[in-house]
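# Examination of the molecular architecture
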Amino acid sequence: MNQQKMPPALLRLIVIFPNVLSYLLLFGLIVFVISNYDTLKATDNLTVWLIFIVVLAPAAAYTTFSIVKKIRAGHM
């Protein structure tokens, strides 16, 4: 079986685009929590939103690290 390989530029785009979206989501969550801090605290929902931020931030950072590592190794 002779599988066709995807061009490296297209592969990078397919992998990096969702990572950029995760950073935009993280930024949006932070802005949302800051702007609605009093309301979220009053309704006891602040903890849930902070957990989302705490889970998303390291996930986005780790994904970025792995993408950079793969690009430097020449796999992408």
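Read on for a plain summary of the structure. On a predicted model such as this, the values are computed, not experimentally measured, just so you know.

### Quick word on the packing of helix α1 (residues 8-35) against helix α3 (residues 46-73)
- Between α1 and α3, whose axes approach to 9 Å, the crossing angle comes to 155°. As judged from the angle between their axes, α1 and α3 are roughly antiparallel. Crossing of α1 against α3: the hand is left-handed.

### Details of the environment of Pro 7
- Relative to the assigned elements, Pro 7 resides in the segment before α1.
- Taking the relative accessible area as the measure of exposure, Pro 7 reaches 46% and is therefore partly exposed.
- With 47 residues separating them along the chain, Pro 7 and Val 54 place their C-alpha atoms 35 Å apart.

### Here we look at the side chain of Ser 22
- Residue position: Ser 22 is located in helix α1.
- A polar contact is formed between the side chain of Ser 22 and the backbone oxygen of Asn 19, at a distance of 2.6 Å.
- When neighbours within four sequence positions are excluded, Ser 22 is seen to be in contact with Leu 56 and Ala 60.

### Overview of unusual backbone geometry
- Positive phi is not limited to glycine here, since Asp 44 has a value of about 60°.
- Mapped onto the fold, Asp 44 is located in the loop between α2 (37-42) and α3.

About the thresholds
Residues numbered from 1 in each chain as written. Predicted model: local features only at pLDDT ≥ 70, side-chain atom pairs only at ≥ 80, totals over all residues. Heavy atoms only, no water. Axes fitted to C-alpha atoms, helices over the stretch in contact; angles between N-to-C directions. Helix = DSSP H or I, 4+ residues; strand = E, 2+ residues; numbered from the N terminus. Parallel < 35°, antiparallel > 145°, perpendicular 65-115°, else oblique. Left-handed = near helix turned anticlockwise from the far one by under 90°. Buried < 20%, exposed > 50% of the residue type's maximum accessible area, 1.4 Å probe, protein only. Polar contact = N/O pair within 3.5 Å; in protein donor to acceptor, adjacent residues only side chain to side chain. Contact = heavy atoms within 4.5 Å.

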